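# Structural features, examined
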Amino acid sequence: MRASRTVLISGASVAGPALALWLHRYGFVPTVVEKAPALRTGGYKVDLRGGAIEICARMGVLDEVRAHSTDMAGGSYVDSRGRTVGELPAEIFGGREEQDDEIMRGDLARILYERTRDDVEYLFGDSVASLTEDEDGVDVVFESGARRRFDLVVGADGLHSHTRRLVFGDERRFKRHLGAYISIFTGPNRLELTRWETYHARPDKLVSVYATAGEHADRAKNCFVFASPAELPYDHRDTAAQKRLLAEAFAADDWEIPRLIADAADADDFYFDSVATVHMDRWSKGRVVLVGDAAHCTSPASGQGTGLALTGAYVLAGELAAAGGDHVTAFEMYEKEMRPGVELNQKFAASFAKEMTVSSRWKIALRMLMVRTLPKTPWKNLIARKIREEIRKAANAVPLKDYTDHAARETL
Ligand SMILES: Cc1cc2nc3c(=O)[nH]c(=O)nc-3n(C[C@H](O)[C@H](O)[C@H](O)COP(=O)(O)OP(=O)(O)OC[C@H]3O[C@@H](n4cnc5c(N)ncnc54)[C@H](O)[C@@H]3O)c2cc1C
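Residues numbered from 1 in each chain as written. Predicted model: local features only at pLDDT ≥ 70, side-chain atom pairs only at ≥ 80, totals over all residues. Heavy atoms only, no water.

## Observations regarding the pattern of salt bridges
Under the defined criterion, the tally for this structure stands at 30 salt bridges. Glu197 serves as the salt-bridge partner of Lys45, at 2.7 Å between the closest nitrogen and oxygen. Residue Lys45 is located in strand S3 (residues 45-48), and its partner Glu197 is located in strand S13 (residues 196-202); the two are separated by 152 residues in the primary sequence. The exposure class of Glu197 is buried, given its relative accessible area of 2%. (Salt bridge = Lys/Arg side-chain N within 4 Å of Asp/Glu carboxyl O. Helix = DSSP H or I, 4+ residues; strand = E, 2+ residues; numbered from the N terminus. Buried < 20%, exposed > 50% of the residue type's maximum accessible area, 1.4 Å probe, protein only.)

What follows is the structure in structure tokens.
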């Protein structure tokens, strides 16, 4: 079998550009196709912990990541009248180890894109229309009408992966709804927050607003979570319908909620999705393979989706290089390395998803009591350590091999 060299990657968010970076370093020729007309900059702040930090260092982007740290100081819960009912400093709140960091998803995507765009072909505003595989490669027809042939195709196109649908079948076979919806968008910094997150809990709902450090300081992120055991019928491409669903879910609520919801109308980075995981028996079929959320979404509840997207890209490219482009061996090794860690994180997500919202007023009151008393208890450090240990396990669940020897000579 001829060794694979050319790779089409569908999706330019986190997994796609990270994979392109590594493939280029190993002497492959990646092309990235992204449906959006330009790099998408929206999204929440995302955690980079353990293995993900190590991978950022190996990619040579860690200093830039650090320079874009959200640098949050902490968070507080407020009641309907805006009075603080509990406050937590960042070291307890984030469960973060010293080397861990947090960055806006859009900043990370931009750093990876800028690091790769001179070496990698990016096709924005296009998408794969069809894939036809034979023994030696894959014929790709794009929505634009262009036709190209690649040795391999990678779906890095997220929870609602188009590549998964084309090659493996309907999303409903793989997606598991964890009982909640999440929406995030940028608005004016109405609460005048600085490196601070303000939470307001209502039965079955949680609203949070935060402003980070740096260039985002004059804007705030509005985040809404609401419980919904059943899946809501809507098209995940229909933003207007999603804005309506969000407004309906919070229609009867006070505090700052009406003003914050109204800001959705002008938001150009509106994000709405179910809190869901993706479970597949295999992440590859023939010459097509999935990476990141497309393969194994762990949901926002895990706090590890972005870390695992970076890890998957690192392992997939490394195994392809180690196997000298033999995709059959590489895809098998990729799954073997990744799967146990992914499953651990998905378990974590399923249990944390239940904690994202609280179902009654008295349970909220109990949680607020805990938030208030925790920083004052003598066991505060013990509890913080226990939380950090759990998170550390999840963040280092995939062992990182050293693939340096396979780097192409000119990129060493
Ligand atoms: C705009 C945006 C905002 C997000 N906000 C949050 C958030 O607030 N909280 C959170 O927990 N997670 C969020 N996520 C998801 C988070 O980025 C992922 O969980 C994680 O980083 C894994 O990344 P990924 O690259 O595997 O997938 P994703 O980040 O989902 O990226 C998939 C990429 O594929 C592109 N794409 C989709 N369909 C096609 C197609 N047919 N052809 C070509 N390209 C396609 C998408 O436009 C996107 O750029 C967001 C994702 C995006 C794209």
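## Observations regarding the site of the ligand
Taken together, 27 residues lie near the ligand, and Ser13, Glu34, Tyr44, Ile184 and Asp293 sit nearest. In this structure, Ala15 approaches the ligand through a main-chain N or O atom, which is 2.9 Å from an oxygen atom. Coverage of the ligand by the protein chains reaches 91% of its 900 Å² of free accessible surface. Residue assignment for the shell around the ligand shows that the elements contributing at least two residues are strand S2 (29-34) and helix H10 (305-322). The residue inventory of the shell around the ligand, partitioned by class, reads 10 nonpolar, 11 polar and six charged. (Near = heavy atom within 4 Å. Polar contact = N/O pair within 3.5 Å; in protein donor to acceptor, adjacent residues only side chain to side chain. Areas by Shrake-Rupley, 256 points an atom, 1.4 Å probe, with all protein chains shown as cover. Nonpolar A, V, L, I, M, F, W, Y, C, P; charged D, E, K, R; others polar.)

## What about the nonpolar core?
Residues Ile9, Leu48, Met59, Leu310, Leu316 and Tyr334 are the most contacted members of the largest nonpolar core, which totals 76 residues. It is H10 that provides the largest number of residues to this core, a total of 10 residues. Listed in part, the 22 residues of the second largest apolar core include Ala201, Val225, Val371 and Leu374. (Core = buried A, V, L, I, M, F, W, Y, C linked by side-chain atoms within 4.5 Å.)

## Notes on the packing of aromatic side chains
The geometry of an aromatic ring pair is captured by the separation of the ring centres together with the interplanar angle, meaning the angle of the planes. Inspection of every chain in the model, using the stated rule, returns 19 aromatic pairs. With a centroid separation of 5.6 Å and an interplanar angle of 20 degrees, the aromatic rings of Tyr181 and Phe272 are classed as stacked. Taken together, the positions of Tyr181 in strand S12 (residues 175-188) and Phe272 in strand S16 (residues 271-278) put the pair 91 residues apart, joining distant regions of the chain. Phe272 carries the same exposure label as Tyr181, and that label is buried. The ring of Trp22 carries the charged tip of Arg25 above its face, separated from the ring centre by 4.8 Å. A cation over an aromatic ring shows up here: Arg339 above the ring of Trp283, its NZ or CZ 4.4 Å from the ring centre. (Phe/Tyr/Trp six-rings, centres within 6.5 Å; stacked < 30°, edge-to-face > 60°. Lys NZ or Arg CZ within 6 Å of the ring centre and 35° of its normal.)

## A short note on unusual backbone geometry
Phi angles above zero are rare outside glycine, and Asp71 is one such case at about 50 degrees. Checked against the element boundaries, Asp71 lands in the loop between helix H3 (62-67) and strand S4 (74-78). Positive phi values are uncommon outside glycine, yet Glu192 reaches one of about 50 degrees. Note that Glu192 resides in the loop between S12 and S13. Residue Glu192 is classed as exposed on the basis of its relative accessible area, which comes to 69%.

## Focus on the pairing of S3
The alternating pattern of S3 places Lys45 and Asp47 on one face and Val46 and Leu48 on the opposite face, and all of these are buried. Taken together, the four bridges between S3 and strand S6 (residues 101-104) define a ladder with antiparallel strand orientation. Its bridge partner lying in S6, Asp47 is registered against Glu102. (Pairing = 2+ DSSP bridges.)

## Quick notes on the packing of helix H2 (residues 51-59) against H10
Where H2 meets H10, the axes come as close as 9 Å, and the angle between the chain directions of the two elements is 50 degrees. Between H2 and H10, the angle is such that the two are oblique. As H2 packs across H10, the resulting crossing turns out to be left-handed. Contacts from Ala52, Ile55, Cys56, Arg58 and Met59 of H2 reach H10 at Gly307, Leu310, Thr311 and Tyr314. Residue composition of the contact of H2 with H10, by class: six nonpolar, two polar and one charged. (Axes fitted to C-alpha atoms, helices over the stretch in contact; angles between N-to-C directions. Parallel < 35°, antiparallel > 145°, perpendicular 65-115°, else oblique. Left-handed = near helix turned anticlockwise from the far one by under 90°. Contact = heavy atoms within 4.5 Å.)

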